[in-house]
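# Fold and geometry: a report
Chain residues, written in single-letter form:
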Amino acid sequence: MGKTKNTRFKRPQFTPAGLSVGAVKDAVEEEAEAEESPALQSPCADIREYACASISRVVQQSQNIPGFLQRDAVRRLGPLLLDSSLAVRETATGALRNLSACGGPNVCEDMVRQDVLTPLTALLKECSLGFQVNSSPVKKEEKHTVDDVANEAVNLLWNLCESSSAAVSVFNRAGLLDALLPCLERHPHNIQLALSAAHCLHTVTEENPELTGTVSEAVLAALENVLLSTQSSMEHALLRILAAGTADKIVLFSLLNLFLYEKVFHTSQTSHCLSLDAGAITTEPASACKDKQPAGGAMEEEEEMEEGDVEVKMNGGKRNGKKAKIDKDISDFMPRNRLELREAIALLTAQQTSLEIIVNMCCSDDPSDDEWEEMSSSDESEMFADCPDGNNSMLSPLCLSAELHTTLLNHSIPQQVLKKADFPSRVALEICNKDPAWRCLIKKMQRVQCRALTCLHNILSVMDPECLGGAEGLQVVAQHLSSLVFGSEDVMKDEEFLEAVTSAIRSLLQILASKNIPQCMSPQQLMSMCEAATQCDLVSVRVNALAILGITGSTLAKEKGSVDTLQLIGNALLNVASKDSNLVVCGEALDALFDVFADGEEAERAAQNISLFSALKALQPVFKAKIRKEGRGKYGPDQLCVLDNIRINLRRFIGYLDTLQKK
């Protein structure tokens, strides 16, 4: 992910200019110390290349990055992107790529401010013209080709656009989409370059109407050409998946027809990709590799590459099931001869991307959905009754067309998603742990599981339960989720897993409650899970846990002999409502209390036993004051609207409890 290969910088014993390797190194050191003749500006191309390679290696250690930025390294490296030597271009671009990947979002923003995109844009356009002049395949023995330079440049662009909205704006203004197309079209000859371009396209088309609303026929034709390609490798399958995801964002969702969905699910092999067992595919090659471990130096390189596995998250990436965050593929760190490892990485990345496509297809495009996920009230129909505009469109899930329902079911997507929600194979995890080069796959397997759980959450939210097998099918899903959550205590410490699994359980319990279907998870199990989840730092996990308690309690309130359990739930919700530092979480706890104690003899008795009326009456002025004091500065307009409705509902609910006491 944005990091050049260490093997890239190995040099022959003598340089093309006739200088010995030792002489060049000495010259680099001498010129680096001399301010008047810096190595980056040396008239010797080999010295410039070594200087760039040295920077590329050093910035892989994040503690070295501030010093390089203070010495204006970005502005000094920028002109070398257009150096007369292809080798210098490649190493200079690789150094900036490493800087962007290892430095994180703040460094990327700084690089954009220092105008790194001006020479990068010129370089990409030159490479694009070079491909048009020479469209023949690259010979394996060739070094420092236009393809190599372009691959570094595209990865640098990808890193910047993931971390900087300013970079995306420059991308749009400079027309860089046209410069990426020739890189994508190189897929028959150079799959690595095409994958880099596809990843970059997949990133820059995310929530970018300025770009997606003005794409040309050439872009659509290029994507279609990729979708219709027939190469069988996992890397080509990943390329088709990425093209499908990009096409899904370029063409307006509401206008997509069944033919395009068939192309996404069939031609791009999404269904086939999800049906593959990544654990089995990973286990065999990894086992074979144990007998072929490289000697000392090579092993040290692989361990160093693993330590440098930096993850660049999308700037403004959203959670809770709408726009899933996308993590950079690390296959480019691996030696080019590790084909089995590259294929395994490609498969896992393709499965993750496939699930993200389905996640986004099975949700509304309303921009407020994500905010609502973090503060949703289980009494959704009432929450926006008093909003000024009366807009409650965010509460309605996307009504999927009958055609899309059929397409999803014909390809067994729900069943495949459920399988991917399983924990990675224990055998695969053990084998990957034994080989440093394969250890990076563990995190990718876990991420596929989390994406599958998020996907399951969205499928449950928008599809008719009958399409999922009715009551029997939902019970199977419930048992599956129960085995995931209660099978190991360690899973409750993983925030990403917790967020995904609590979202899925929340959606499932809402469906079971609305259909009066018994659930296999006991109230005690759910309370144990929610107790752990309410300690999580992620607001969305705490909100999900409280919603689960609210659904469980409102269901129990209809059953005889549930007073004791309702008291436990009530006390837990009161504790969160009075002590949590986040107003959204406090509001969700109050809303869950309204649902649990709204009606029924058992609920009335439990409310009296925990002195709910007195507790809420004491909490009311505190909650109101917090909204007034913190609301405007920390929360958005939609969140404030929800919180204000909870404040109003709290006043009404206290009045309802007062009436009960006077009976």
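Let us look at the structure shown here. All values reported here derive from a predicted model rather than from experimental measurement. (Residues numbered from 1 in each chain as written. Predicted model: local features only at pLDDT ≥ 70, side-chain atom pairs only at ≥ 80, totals over all residues. Heavy atoms only, no water.)

## Some details on the overall build of the protein chain
Formally: A run of DSSP states H or I qualifies as a helix once it reaches four residues; a run of E qualifies as a strand once it reaches two. Both are numbered from the N-terminal end. Each residue is assigned to one of three classes by its accessible area relative to the maximum for its type, calculated with a 1.4 Å probe on protein chains only: buried under 20%, partly exposed between the two thresholds, exposed over 50%. Only heavy atoms matter for contacts: two residues are in contact if any of them lie within 4.5 Å across the pair. Values of accessible area rely on a 1.4 Å probe in the Shrake-Rupley scheme; residue burial ignores everything except the protein chains shown.
Within the protein chain, the regular secondary structure consists of 34 helices and 0 strands. Within the protein chain, the proportion of its 663 residues that are buried is 59%. The contacts of the protein chain with a sequence gap of at least 6 include a subset with a gap of at least 24, amounting to 78%. Working note: accessible area of the protein chain is about 27900 Å², and carbon and sulfur atoms make up 51% of it.

## So, the state of the cysteines
The condition that has to hold: A pair of cysteine sulfur atoms is labelled a disulfide when the two atoms are within 2.5 Å.
Under the definition given, this model contains 0 disulfides. Residue cysteine 127 stays outside any disulfide, its sulfur separated by 6.8 Å from that of cysteine 183, the closest cysteine.

## Quick notes on the environment of serine 56
Relative to the helices and strands, serine 56 resides in helix 2 (residues 45-58). Note on serine 56: relative accessible area 0%, which makes it buried. On a C-alpha basis, the gap between serine 56 and alanine 95 in space is 3.9 Å, while along the polypeptide they are 39 residues apart.

## Regarding the packing of helix 26 (residues 470-486) against helix 28 (residues 523-533)
As a reminder, the rule being used: Here the axes come from fitting lines to C-alpha atoms, over the contacting stretch only for helices, and the angles between their N-to-C directions go from 0 to 180 degrees. Small angles under 35 degrees read as roughly parallel and large ones over 145 as roughly antiparallel, with 65 to 115 read as roughly perpendicular and the rest as oblique. Left-handed is the label given to a crossing in which the near helix is rotated counterclockwise from the far helix by less than a right angle, and right-handed is the label when the rotation is clockwise. Under this grouping Gly is polar, as are all residues other than the nonpolar Ala, Val, Leu, Ile, Met, Phe, Trp, Tyr, Cys and Pro and the charged Asp, Glu, Lys and Arg.
Following both chains from N to C, one finds helix 26 and helix 28 inclined at 50°, their axes separated by 11 Å at the closest point. By the angle between their directions, the pair helix 26 and helix 28 is classed as oblique. By crossing handedness, the relation of helix 26 to helix 28 is classed as left-handed. Contacts between helix 26 and helix 28 pair Ser482, Val485 and Phe486 from the former with Gln525, Leu526 and Met529 from the latter. A class-by-class count of the residues in the contact of helix 26 with helix 28 yields 4 nonpolar, 2 polar and no charged.

## Brief notes about helix 8 (residues 146-163)
Here is the rule we go by: Helices are assigned an expected span. That span is 1.5 Å times one less than the residue count.
Along its 18 residues, helix 8 runs 26 Å from first to last C-alpha, staying within 8% of the 26 Å computed at 1.5 Å per residue. Taken across its 18 residues, helix 8 has 17 buried, putting it largely inside the fold.

## A short note on helix 14 (residues 234-250)
The end-to-end C-alpha distance of helix 14, which contains 17 residues, comes to 24 Å, matching closely the 24 Å that a straight helix rising 1.5 Å per residue would cover. With 17 of 17 residues buried, helix 14 lies mostly within the body of the structure.

## Describing the pattern of salt bridges
Heads up, the condition is: Definition used for salt bridges: Asp or Glu carboxyl oxygen within 4 Å of a side-chain nitrogen of Lys or Arg.
All told, the structure shown has 15 salt bridges when counted by the stated rule. Residue arginine 75 is joined to aspartate 72 by a salt bridge in which the shortest nitrogen-to-oxygen separation is 3.7 Å. Assessed through its relative accessible area of 46%, arginine 75 is described here as partly exposed. When its relative accessible area of 32% is taken as the criterion, aspartate 72 is described as partly exposed. Close ionic contact of arginine 186 with aspartate 147 constitutes a salt bridge, the shortest N to O distance being 3.1 Å. A residue pair is termed long-range when its members are at least 10 positions apart, and arginine 186 in the loop between helix 10 (176-184) and helix 11 (191-204) and aspartate 147 in helix 8 qualify at 39 residues. Taken as a pair, arginine 186 and aspartate 147 share a single burial class, namely buried.

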